[in-house]
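Geometric and topological summary
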Amino acid sequence: MPKVGMEPLRREAMIRATIQAIGEAGSLDVTVSQIAKRAGMSSALAHHYFGSKDQIFLAAMRHILRKFGTSVTLRLRNLEDPAARIRAIIAASFAEGQFDKEVVAAWLTFYVRAMQSEDVARLLSVYARRLKSNLMHDLRKLFDDAEAEQVAQGLASLIDGFYIRHALQHVAPDRDASQALVCDYLALWMERKARG
């Protein structure tokens, strides 16, 4: 008979184990059995809670995205200056727990897997729309609509690009340098706007 209240704990353990396994393998080239063993449970129980490996991966990415959303919300609290709010979103993207090796590997897998799975592509699309919406909210206060759109696209591309570089290159800038470079992009646009 299953222990009452264990399901949320086991699901969380599986999610953590999935992120760790992807980080170690550098891809989704791991089995449900390997993930389950890392989580201290059987693969049958993992299948019972999640269904397939794709569903386990989706749960892990939803977990990462929830943590990112919470980080953004906390950083935006009490900020009114549009530029400060945009920098807070950038900071959340490179925060500890988001830019760690394991999580970056999960993001890279997320991008690649989105080309093969409709469910993953849908979740990636939700993330991209939400990031753009968050950025555009404050960029529209600093730029006209066309410029705001361009800056949002550039910021999102730089963030994604640094994740990819961090996953694939040992010489990629670290968390702080990556964040500073993305903020520099915003500053350059603001200087250009100020000069008219």
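Before going into details, it helps to say that this report is about the structure given with it. (Residues numbered from 1 in each chain as written. Predicted model: local features only at pLDDT ≥ 70, side-chain atom pairs only at ≥ 80, totals over all residues. Heavy atoms only, no water.)

To continue, consider the environment of Asp 100. Positionally, Asp 100 belongs in the loop between helix H5 (82–93) and helix H6 (101–113). Exposure remark for Asp 100: the relative accessible area of 29% places this residue in the partly exposed category. Put simply, Asp 100 and Gly 23 are 77 residues apart on the chain and 9.3 Å apart in space, counted from C-alpha to C-alpha. Within the local environment of Asp 100, its side chain forms a polar contact with the backbone nitrogen of Gly 97, the two atoms lying 3.2 Å apart. (Helix = DSSP H or I, 4+ residues; strand = E, 2+ residues; numbered from the N terminus. Buried < 20%, exposed > 50% of the residue type's maximum accessible area, 1.4 Å probe, protein only. Polar contact = N/O pair within 3.5 Å; in protein donor to acceptor, adjacent residues only side chain to side chain.)

Okay, helix H1 (residues 6–25) next. Between its first and last C-alpha, H1 extends 28 Å over 20 residues, near the 28 Å set by a 1.5 Å rise per residue. Listed as buried for H1 are Arg 10, Ala 13, Met 14, Ile 15, Ala 17, Thr 18, Ile 19, Ala 21, Ile 22 and Gly 23. Tucked into the core, H1 has its buried residues touching helix H2 (32–39), helix H3 (43–50), helix H4 (53–76) and H6. Within two residues after H1, Gly 26 carries a phi angle of roughly 75 degrees, on the positive side. (Expected span 1.5 Å × (residues − 1). Contact = heavy atoms within 4.5 Å.)

We now examine helix H9 (residues 175–195). For H9, which comprises 21 residues, the first-to-last C-alpha distance of 31 Å matches the rise-based estimate of 30 Å (1.5 Å per residue) to within 8%. Considered for burial, the residues of H9 that qualify are Ser 178, Val 182, Cys 183, Leu 186 and Trp 189. Buried residues of H9, viewed axially, fall in a sector of 130 degrees; they line one side. Across from the buried face of H9, at angles greater than 90 degrees, the exposed residues are Asp 176, Leu 188, Ala 194 and Arg 195. Those residues of H9 hidden inside the fold are in contact with H5, helix H7 (118–139) and helix H8 (145–168). At the N-terminal end of H9, a side-chain oxygen is found 3.2 Å from the backbone nitrogen of Asp 176, two or three residues along, and the residue is Asp 174. Of the residues one or two after H9, Gly 196 is the one with positive phi, at around 80 degrees. (Arc of directions from axis to C-beta.)

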